[in-house]
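# Survey of secondary and tertiary structure
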Amino acid sequence: MGRISRTFQNLKKRGETGLIPFLTAGDPDLGSTEELLRTLAVAGADIIELGVPFSDPMADGPTIQKASERALAGGASLRGILEMVARFRAESDIPIVLMGYFNPVFVFGIREFAIEASRAGVDGVLLVDLPAEEREELHPDFKQAGIDLIQLIAPTTPPERMARLARNAEGFLYYVSMTGVTGSRRADPEGIRAAVGALKAQSPVPVAVGFGIDSPEAAAEIGAFADAVVVGSALVKVIAEHGGSSELVPRVAEFVQALKRGLLS
């Protein structure tokens with residue numbers, strides 16, 4: 001059993017909803033990101049989603065786009081991110097999921113990336129622009145390396161396609177709570193509940209919900225029916241506001257602790 005499956009199994013035993021915070025690797029710099037990984041693990045994160053900065057992040061709203069621009073301007077690279085994850089993995093067992101786009105993986109080399117990511121301690125990869133029909137181009141190498149290829153499902157996904165994606169799911173399914181880009185507006189809990197319920201009835205793995213969850217209250221509303229919630233833009237805003245200052249770590253810790261308390265209440 002991998003770290004992601006084990007984490008969700010333990011959450012289920014405790015009757016808890018998982019918290020998956022997202023941050024962009026290299027924002028404000030890789031050294032700070034490494035410190036923030038430690039902070040998230042201690043503050044209550046159950047899984048960490050680590051964004052790989054990309055020059056054309058089509059699914060990301062302005063907040064994460066700017067974070068990617070800062071990270072790339074500072075020299076962040078996929079290889080450097082894997083080296084950072086490897087250092088962090090030596091001291092923590094929390095699952096790490098890389099979220100990004102196919103191009104950096106393609107340039108790195110699919111098989112080489114799978115091998116190096118596994119060695120670094122990456123548990124899952126979510127490629128926003130990888131259609132399910134192209135999954136087999138990567139899946140054999142990822143499977144051999146022990147990395148879950150995590151699938152996004154949108155509100156616009158037709159029921160028959162949703163069922164097919166659910167059957168092939170690994171790690172967890174990421175349900176996008178709304179159409180549009182990250183951080184564009186608040187999620188509507190009641191509008192999401194039915195879709196998540198239908199998906200959970202078909203999925204062999206847990207269902208996490210992301211996009212539009214920007215506060216402990218919003219996390220608690222979604223967490224009432226999801227297996228996990230993903231919080232991205234709201235956390236990236238905290239990092240943007242305090243990056244490079246002594247307030248960065250305590251402010252991030254405070255925000256993540258508040259999110260986790262909301263899920264436990």
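Up top you'll find the structure we're talking about.
These notes cover the structure that comes with them. (Residues numbered from 1 in each chain as written. Predicted model: local features only at pLDDT ≥ 70, side-chain atom pairs only at ≥ 80, totals over all residues. Heavy atoms only, no water.)

### Side note on the packing of helix α2 (residues 30–43) against helix α12 (residues 248–264)
Stated formally: Lines are fitted to the C-alpha atoms to define the axes, a helix being fitted only along its stretch in contact, and any angle between axes, read from their N-to-C directions, falls within 0 to 180 degrees. Strands here mean DSSP runs of E at least two residues long; helices mean DSSP runs of H or I at least four residues long; both are numbered from the N terminus. By definition, any crossing whose near helix is turned counterclockwise from its far helix by less than a right angle is left-handed, and any crossing with a clockwise turn is right-handed. We call two residues in contact when some of their heavy atoms are within 4.5 Å. For this classification, Asp, Glu, Lys and Arg are treated as charged, while Ala, Val, Leu, Ile, Met, Phe, Trp, Tyr, Cys and Pro are nonpolar and the rest, including Gly, are polar.
Packing of α2 against α12 brings their axes to within 9 Å, and their N-to-C directions diverge by 35°. With respect to the hand of their crossing, α2 and α12 are arranged in right-handed fashion. For the pair formed by α2 and α12, the contact residues are S32, E35, L36, T39, L40 and A43 on the first element and L248, V249, V252, A253, V256, Q257 and K260 on the second. For the contact of α2 with α12, the class distribution of residues is eight nonpolar, three polar and two charged.

### Comments concerning the packing of aromatic side chains
Test applied: Note on aromatic pairs: the rings of Phe, Tyr and Trp (six-membered ring only in Trp) are paired at centre separations within 6.5 Å, and the planes decide the class, stacked below 30 degrees, edge-to-face beyond 60, tilted for the rest. Buried residues are those whose accessible area, probed at 1.4 Å on protein chains only, stays under 20% of the maximum for their type, while exposed residues exceed 50% and partly exposed ones sit between those limits.
The final tally for this structure, using the stated rule, is six aromatic pairs. Where F8 meets F172, the ring centres are 5.9 Å apart and the plane angle is 55°; that geometry is what we call tilted. With F8 in helix α1 (residues 3–14) and F172 in the loop between α8 (159–167) and β7 (173–176), this residue pair connects regions lying 164 residues apart in the sequence. Here F8 and F172 have matching classes, each one buried. With a centroid separation of 5.7 Å and 40° between ring planes, the pair formed by F102 and F106 is classed as tilted. Highlighted residues: F102 and F106, both in helix α5 (residues 102–108), separated by four residues, approximately one helical turn. Among the residues examined, F102 registers a relative accessible area of 18% and is labelled buried.

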